[in-house]
Amino acid sequence: MTTQRRFDERGLTLIEMMIALMVFSAVLAGALAFLKAQGRSFSLGSQRVAMLQNSRFALDELEKDLRTAGAGSPDIQPDLIYLGASVIAFNANYLTNTPGDVFAVYYNPDAPIGSTDAVRKSGQFTIPLTSVVYPDTDYQDGVINSPAETITFYFAPDSTTARTDDYVLYRQINNLPREVVSRNILQTTGVPFLQYYWQTVVGGVTSIQQVPNAGLPWRHSVPIHLAVLDSGPAARIDSVRVVQVSLTVTNGLTGTTERKRAVSRYIRLPNVGLASKQTCGDDPILGTALTATWNATPPGGVDLAWNAAVDELGGERDVTRYVIFRKLATDPLWGDPYLSIPPTGTTPYLYTDRADMISGKSYIYGLAAQDCTPSNSSVASSLTVTIP
């Protein structure tokens, strides 16, 4: 009995303990490898989700804003300002902080000052990554400043990272400080960030064609949209209907841990290129005075100055030219106009007359606005000018 009890109470031998430890170590190593792989998979999944969210946010922000280009802006203000491979600038009545304003796209009572209407010429700024200074005139909707602000998106190198191919997508309203939209962006190999498609009409057939990348940038070079000079090549930017955004997003890492994904989206511009409100229904309204002053600077002449007509920047917006009359102060009638000047929207208008004036004679000048009928407004007369 004593011998049997001693045999039952004995413990593990050294060899048995070593075998148990080896089995436990193998199981533990397998479990740790499994957990490590699961951790890598989870981290990779999180990075991919973050990449997708980053790309979706960048594209959604671009689409949300670009689709409003031209919305709520007066006819005299261009919808599209500048189209480049990395920069796009446009006008839109995007934001208001005025309760009950139904003409703006969005309402934000906390919108900062200077972000809810057009920037004035006194607040000119350079469009980022370009040498274009904007605006070159003040845009008035009737007698008030235009409610359409300028929005600029642009891709610029990211100086905060060690990479040389990293970009940041920025957004800027008017001349206010820029704001970051998205980081960890690369340019897709061989593809610009921004490409454009414009509407062309050939032989009566309308089609959408890609703007050649080599032909960029395009800009609205005439200050007043729909002015007589805003035609032909100067107005081709108004024919753009689609923006293609292409970019590659990364997880911000390098080497074997880097993950990339190229994305692209076509964004339609539904408010760009809408028909002009020009009507030519009634005689144009001039509503401005004409000044005439002798200019003694050789070779001498009479300086004429006037502001834009009421119906050029507002009303029917149908002024196609200004006609200028000149007569001797003793003549009872104006006769035919001797000069016409196309409207440009840049006020005041200035012109120096040096044609066939007789020394010692006194002249009176007249000004009228003419529409597309054509009909003339009433004639504004200057004071008498005597030629020395």
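Numbers given to residues run from 1 along each chain, matching the order in which its sequence is written. With the structure being a predicted model, the display of local features is reserved for residues of pLDDT at least 70 and the display and counting of side-chain atom pairs for 80 or more, all residues being used for whole-chain, interface and lining totals. The side-chain numbers reported here are obtained from all heavy atoms of the structure, hydrogens and water having been left aside.

### Considerations on the sheet that holds strand β17 (residues 290–295)
Under the convention used in this document: The pairing criterion is simple: DSSP has to find at least two bridges between the two strands. Helix and strand assignments come from DSSP, with helices taken as H or I runs of at least 4 residues and strands as E runs of at least 2, each series counted from the N terminus. Every angle, taken between N-to-C directions, lies between 0 and 180 degrees, and every axis is a line fitted to C-alpha atoms, over only the stretch in contact when it is a helix.
With antiparallel pairing, three strands are arranged side by side in an open sheet as β17-β18-β21. Edge positions in the open sheet fall to β17 and β21 (349–353), since each of these has one partner strand only. Taking each pair of neighbouring strands and ignoring which way they run, the sheet shows an average axis angle of 20 degrees. The sheet contact formed by strand β18 (residues 301–306) and β21 spans five bridges and is antiparallel. Residue aspartate 303 lies in a different strand from β21, and its bridge partner there is threonine 352.

### Digging into the pattern of salt bridges
We apply this condition: Salt bridge criterion: a side-chain nitrogen from Lys or Arg within 4 Å of a carboxyl oxygen from Asp or Glu. Under the scheme applied here, a residue whose accessible area is under 20% of the maximum for its type counts as buried, over 50% as exposed, and between as partly exposed, the area being computed with a 1.4 Å probe on protein chains only.
Summed over the entire model, instances satisfying the criterion amount to ten salt bridges. Taking the shortest distance from any N to any O, the salt bridge between glutamate 61 and lysine 64 comes out at 3.9 Å. Within this pair, glutamate 61 and its partner lysine 64 are both found in helix α2 (residues 14–66), separated by three residues, close to a single helical turn. Salt-bridge contacts for arginine 163 lead to glutamate 258; the nearest nitrogen and oxygen are separated by 2.7 Å. Taken together, the residues arginine 163 in the loop between β9 (149–157) and β10 (167–173) and glutamate 258 in the loop between β15 (240–250) and β16 (260–268) connect sequence positions 95 residues apart. Among the residues examined, arginine 163 registers a relative accessible area of 19% and is labelled buried. Several salt bridges converge on common partners, so that one network encompasses Glu61, Lys64, Asp65, Arg171 and Glu179.

### Re the side chain of threonine 96
Stated formally: Whether two residues touch is decided by their heavy atoms; if any such pair falls within 4.5 Å, the residues are in contact.
Inspection of the secondary structure puts threonine 96 in strand β3 (residues 95–96). Once residues within four sequence positions are removed from consideration, threonine 96 is found in contact with Asp101, Ala104, Tyr106, Tyr107, Asn108 and Thr116.

### So, the packing of aromatic side chains
Any pair of aromatic rings gets described here by the distance separating the centres and the angle formed by the planes. The line we're drawing: Only Phe, Tyr and Trp rings are paired, with Trp represented by its six-membered ring, and only when their centres lie within 6.5 Å; those with planes under 30 degrees apart are stacked, over 60 edge-to-face, the remainder tilted. Only when the NZ atom of a Lys or the CZ atom of an Arg is both within 6 Å of the ring centre and within 35 degrees of the ring normal do we say a charge sits over the ring.
Following the criterion strictly, the structure yields ten aromatic pairs and no others. For the ring pair tryptophan 306 and tyrosine 349, a centre distance of 5.5 Å and an interplane angle of 5 degrees mean the geometry is stacked. Residue tryptophan 306 is located in strand β18, and its partner tyrosine 349 is located in strand β21; the two are separated by 43 residues in the primary sequence. In this pair, the class of tryptophan 306 matches that of tyrosine 349, namely buried. A connected cluster of aromatic rings, assembled from ring pairs, spans Phe155, Tyr167 and Phe193. Here the basic side chain of arginine 178 rests over the ring of tyrosine 170, its NZ or CZ set 3.9 Å away from the ring centre. Lying over the aromatic face of tyrosine 363, arginine 326 brings its terminal NZ or CZ to 5.3 Å of the ring centre.

### Looking at the environment of valine 240
By secondary structure assignment, the location of valine 240 is in strand β15. Since its relative accessible area comes to 0%, valine 240 is described here as buried. Each C-alpha atom, one on valine 240 and one on leucine 269, is 7.9 Å from the other, the two residues being 29 residues apart in sequence. Contact partners of valine 240, with chain neighbours within four places excluded, come to Leu80, Leu83, Tyr196, Tyr197, Trp198, Trp218, Leu269 and Val272.

### Focus on the environment of glutamine 187
Here is the rule: Counted as a polar contact is a pair of N or O atoms within 3.5 Å, where, for protein atoms, one must be capable of donating a hydrogen and the other of accepting one, and residues adjacent in sequence contribute only when both atoms are in side chains.
Relative to the assigned elements, glutamine 187 resides in the loop between β11 (179–186) and β12 (194–202). Taking the C-alpha atoms as reference points, glutamine 187 and aspartate 166, separated by 21 residues in sequence, lie 8.1 Å from one another. With residues up to four places along the chain from it excluded, the contact list for glutamine 187 reads Tyr167, Pro192, Phe193 and Thr248. A polar side-chain atom of glutamine 187 sits 3.2 Å from the main-chain carbonyl oxygen of valine 191.

### Describing the nonpolar core
Selection rule: Buried Ala, Val, Leu, Ile, Met, Phe, Trp, Tyr and Cys residues that are joined via side-chain atoms within 4.5 Å together make up what is termed a nonpolar core.
Counting residues in each nonpolar core, the largest one holds 41 residues, and the members touching the most others are Ile127, Leu304, Trp306, Tyr322, Ile324 and Tyr365. Element by element, the count of residues in this core is highest for strand β22 (residues 362–371), at four residues. Ignoring any residue separated from it by four or fewer positions in sequence, one finds isoleucine 324 in contact with Leu304, Trp306, Pro337, Tyr338, Leu339, Ile341, Tyr365, Gly366 and Leu367.

### Structural notes on a nonpolar patch on the surface
Rules: Only residues whose relative accessible area exceeds 30% and that take part in no salt bridge are eligible for patches, with like-charged residues grouped when within 9 Å of each other and nonpolar side chains (Val, Leu, Ile, Met, Phe, Trp, Tyr) grouped when within 5 Å. Each accessible area is a Shrake-Rupley estimate made with a 1.4 Å probe; only the visible protein chains count as cover when residues are assessed.
On the surface, Phe24, Leu28, Leu32, Phe34 and Leu35 cluster together into a nonpolar patch covering about 550 Å² of accessible area. Tracing the sequence through the fold places leucine 35 in helix α2. Given the relative accessible area of 55%, leucine 35 is considered exposed.

### Structural notes on the side chain of threonine 150
You can see threonine 150 is positioned in strand β9. Of the polar contacts made by the side chain of threonine 150, one reaches the side chain of asparagine 91; its length is 2.6 Å. Excluding its chain neighbours within four sequence positions, the residues that come into contact with threonine 150 are Ile81, Phe90, Asn91, Phe125, Tyr134, Gln172, Ile173 and Asn174.

### A word on unusual backbone geometry
Residue proline 135 follows tyrosine 134 across a cis peptide bond; omega there is -5 degrees. Position of proline 135 among the secondary structure elements: in the loop between β6 (133–134) and β7 (140–141). With an omega of 5 degrees, the peptide bond between leucine 216 and proline 217 qualifies as cis. Within the secondary structure, proline 217 sits in the loop between β13 (205–210) and β14 (218–219). Non-glycine residue asparagine 174 carries a positive phi angle of around 50 degrees. Relative to the assigned elements, asparagine 174 resides in the loop between β10 and β11. Despite not being glycine, aspartate 356 shows a phi value in the positive range, around 50 degrees. Mapped onto the secondary structure, aspartate 356 falls in the loop between β21 and β22.

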